[in-house]
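A look at the structure
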Amino acid sequence: MAALPSLTLADARRLAIDKQRLAGPRPEPTAEAALDVVRAIRCLQLDPIQVVARSPQLVLFSRLGPYDPDLLSHLLFERRSLFEYWAHVASIVLTEDYPLFYWAMQRQRARWRPGTKRWLEANAPLRAHIRERLQAEGPLSAGDFEHDEYDDQWHADAWSTHRTVNQMLDVMWLEGELMVAGRKGQTRLWALAEDHLDGHRPPAQLDEQEADERAVALAVRALGVARPPHIRFHFMRGAYADLPGALARLEKRGELLRVAVEGGGRGPWYLHRDDLPHVEALQAGQWQPRTELLSPFDNLICDRQRTELLFDFHYRMEIYVPKAKRQYGYYVLPILHGDQFVGRLDPKLDRKQERLHILSLYAEPDAPAEAGPEIAAALRRLAGFVQAREIVFDEPDALPAVWRDALLSEL
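Since we're looking at a predicted model, the values are computed, not measured.

Brief notes about the layout of surface pockets
Its boundaries defined by the atoms lining it, the largest pocket holds a volume of some 850 Å³. Looking at the largest pocket, it is lined by 30 residues, and the ones nearest its centre are Leu46, Asp47, Arg54, Arg183 and Gln186. Looking at the lining of the largest pocket, the elements with two or more residues in it are α3 (55–64), α4 (71–78), β3 (82–86) and β4 (90–94). It is α4 that provides the largest number of residues to the lining of the largest pocket, a total of four residues.

Spelled out as structure tokens, the structure:
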């Protein structure tokens, strides 16, 4: 048996970037290409903030380039190849992965705290009423349910101050009873899961152990190479029934391989056997880098500790930091250049004036000058995607000297 490869941190970085579809040629931005991206990275984190575009759209943009913004809604609500559920947070996930999420839904039902269980028992009539209305009328929003008498039953042992109807809808969603069947802006339209997935639900049934093993293997493939804490934090975050057991069984079967990552800290690293040729190709120099702007919630950087380990890049959101205390800005996009994060920019789209404002832009120490034209090209792609006719640097004199000339001459 051939010896398993030893990876450097650079190998691990490049493998992660490749597996996340952030290197190599971009595909044509079709629906099938978008699904292929989601299959590679496994989920798209949801977030309502739309400073330039919403996070799921930005994650696809970084991998496809400009594409039809209606494509995601088409895949969610017309083809129903995707659905909204809780992955590493509230996310868009693949309908073909429903057998994996089924077990997360079952475990959620057993996980409620005693106070929540009492609240659910007290509000059982509301749950029945929601089912009856959805069966009779089809998809409805929370605002379509007028039940102030239920709101009077809201008690301190529940977990938020939302309307009782809203909270019951979220419970039924987490338990798999309801699905998001459409949206009007950010308002969710709810439907019974059996109605929404009628004819779309995968026929495969997995037992809980099989589901765990499949989910763990998919997470490792999305990460490239990973330690157990990275796997626990990714894809089905907190929803693996027995991660150590799944890792042991997958390793025993030879599906997951233990490899060494130089400088990777303590603990085992796992590589999927199907990615051995990928590692060998990278180590032979087969690497096609790109320059991309990433969403703050991009899958490559959602695990901040892993990001610091692999890239030596410290990144934190500053949305909730008072403006005067922000170091970089409100909605900062990291700039990936090849296998390094070389900078970060704070953009804002003026939709009425069709202008993409760059409020600030920062270069990391030792950022290469040759990244300047590539960053300019990435900004042009972003402007085209969000339908901005103009890119404006709000503080041109504050642009990093290493890129200033390239950015001002090309934009």
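Picking up where we left off.
Description of the packing of aromatic side chains
Throughout the structure, instances matching the rule amount to 12 aromatic pairs. Here the aromatic rings of phenylalanine 83 and phenylalanine 101 are separated by 6.1 Å at their centres, their planes lie at 85°, and the arrangement is edge-to-face. Taken together, the residues span a long stretch of sequence, with phenylalanine 83 in strand β3 and phenylalanine 101 in helix α5 (residues 98–111) at a distance of 18 residues. Judged on exposure class, the residue phenylalanine 83 and its partner phenylalanine 101 are both buried. Both rings, one in phenylalanine 313 and one in phenylalanine 341, keep their centres 4.6 Å apart while their planes meet at 20°; by these two values the pair is stacked. Of the two residues, phenylalanine 313 sits in the loop between α15 (304–311) and β11 (333–337) while phenylalanine 341 sits in strand β12 (residues 340–350), which places them 28 residues apart along the sequence. Judged by its relative accessible area of 2%, phenylalanine 313 falls in the buried class. Of the aromatic side chains, those joined through ring pairs into one cluster are Phe83, Tyr85, Tyr98, Phe101, Trp173 and Phe235. The residue whose ring lies beneath arginine 344 is tyrosine 328, and the NZ or CZ to ring-centre distance is 4.1 Å.

Description of empty space enclosed by the protein
Per the stated rule, a full pass over the model turns up one cavity of 30 Å³ or more. Around the largest cavity sit Ala16, Gln20, Ala222, Leu223, His230, Phe233, His234, Asn299, Leu300, Cys302, Asp303 and Arg306, which together line it. Elements supplying a minimum of two residues to the lining of the largest cavity: α11 (208–223) and α12 (228–233). Here the residues of the lining of the largest cavity sort into six nonpolar, four polar and two charged.

A word on the packing of helix α1 (residues 9–19) against helix α14 (residues 276–283)
Two numbers describe how α1 lies on α14: the axes approach to 10 Å, and their chain directions differ by 120°. Between α1 and α14, the angle is such that the two are oblique. Crossing handedness for the pair α1 and α14: right-handed. For the pair α1 and α14, contact is made by Asp11, Arg14, Leu15, Asp18 and Lys19 and by His278, Val279, Leu282 and Gln283, respectively. Split by residue class, the contact of α1 with α14 holds three nonpolar, two polar and four charged.

Quick notes on the nonpolar core
Core analysis: the largest hydrophobic core is formed by 110 residues, its most contacted members being Val216 and Ile231. Once residues within four sequence positions are removed from consideration, isoleucine 231 is found in contact with Val216, Ala219, Val220, Leu223, Ala226, Tyr240, Leu243, Leu247 and Tyr270. With 27 residues, the next largest nonpolar core counts Leu7, Ile17, Leu294 and Phe313 among its residues.

Comments concerning the sheet that holds β11
Strand pairs in the sheet, formed through backbone hydrogen bonds, run parallel or antiparallel to each other. Sheet architecture is open: five strands sit in the order β10-β11-β12-β13-β14, paired in mixed fashion. This sheet does not close on itself; its edge strands, each paired only once, are β10 (291–293) and β14 (390–393). When the angles between neighbouring strand axes are averaged without regard to direction, this sheet yields 30°. Pairing of β10 with β11 involves three bridges; the strand directions are antiparallel. Bridging across to β11, leucine 293 finds its partner in isoleucine 335.

Thoughts on the confidence of the model for the protein chain
The predicted structure's coordinates, where accompanied by low pLDDT, should not be read in detail. Chain-level statistics for the protein chain give a pLDDT mean of 93 and a share of 95% at 70 or above. Here residues 154–161 scores under 50 on pLDDT; set against residues more than four positions off or in separate chains, the count is 15 contacts.

Notes on the environment of glycine 267
With respect to the element layout, glycine 267 can be found in the loop between β8 (256–261) and β9 (269–272). Sequence-wise, glycine 267 and proline 228 are 39 residues apart; in three dimensions their C-alpha atoms are separated by 8.1 Å.

Some details on the pairing of β12
Of all the 11 residues making up β12, eight are buried; the element is thus mostly covered by neighbouring parts of the structure. Relative to β12, β11 runs antiparallel, the two being bridged by five bridges. Its bridge partner lying in β12, leucine 336 is registered against phenylalanine 341. With antiparallel pairing between neighbouring strands as the criterion, β11 and β12 make up a hairpin whose turn holds two residues, including glycine 338 at a positive phi of roughly 70°. The pairing of β12 with strand β13 (residues 355–363) spans eight bridges and is antiparallel. Looking at β13, one finds that lysine 348 is bridged to histidine 357. The hairpin formed by β12 and β13 contains four residues between the paired strands, and glutamate 354 there has a positive phi angle of roughly 55°.

Digging into the side chain of serine 295
Looking at where serine 295 falls in the secondary structure, it is placed in the loop between β10 and α15. Within polar-contact distance, the side chain of serine 295 engages the backbone nitrogen of phenylalanine 297 at 2.9 Å.

Parameters and conventions
- Residues numbered from 1 in each chain as written.
- Predicted model: local features only at pLDDT ≥ 70, side-chain atom pairs only at ≥ 80, totals over all residues.
- Heavy atoms only, no water.
- 1 Å grid on protein atoms, 1.4 Å probe; cavity = no way out; pocket = protein on both sides within 12 Å on 5 of 7 lines; lining within 4 Å.
- Points joined across faces, edges and corners; volume = space filled by probe spheres on them.
- Helix = DSSP H or I, 4+ residues; strand = E, 2+ residues; numbered from the N terminus.
- Phe/Tyr/Trp six-rings, centres within 6.5 Å; stacked < 30°, edge-to-face > 60°.
- Buried < 20%, exposed > 50% of the residue type's maximum accessible area, 1.4 Å probe, protein only.
- Lys NZ or Arg CZ within 6 Å of the ring centre and 35° of its normal.
- Nonpolar A, V, L, I, M, F, W, Y, C, P; charged D, E, K, R; others polar.
- Axes fitted to C-alpha atoms, helices over the stretch in contact; angles between N-to-C directions.
- Parallel < 35°, antiparallel > 145°, perpendicular 65-115°, else oblique.
- Left-handed = near helix turned anticlockwise from the far one by under 90°.
- Contact = heavy atoms within 4.5 Å.
- Core = buried A, V, L, I, M, F, W, Y, C linked by side-chain atoms within 4.5 Å.
- Pairing = 2+ DSSP bridges.
- pLDDT = per-residue confidence, 0-100.
- Polar contact = N/O pair within 3.5 Å; in protein donor to acceptor, adjacent residues only side chain to side chain.

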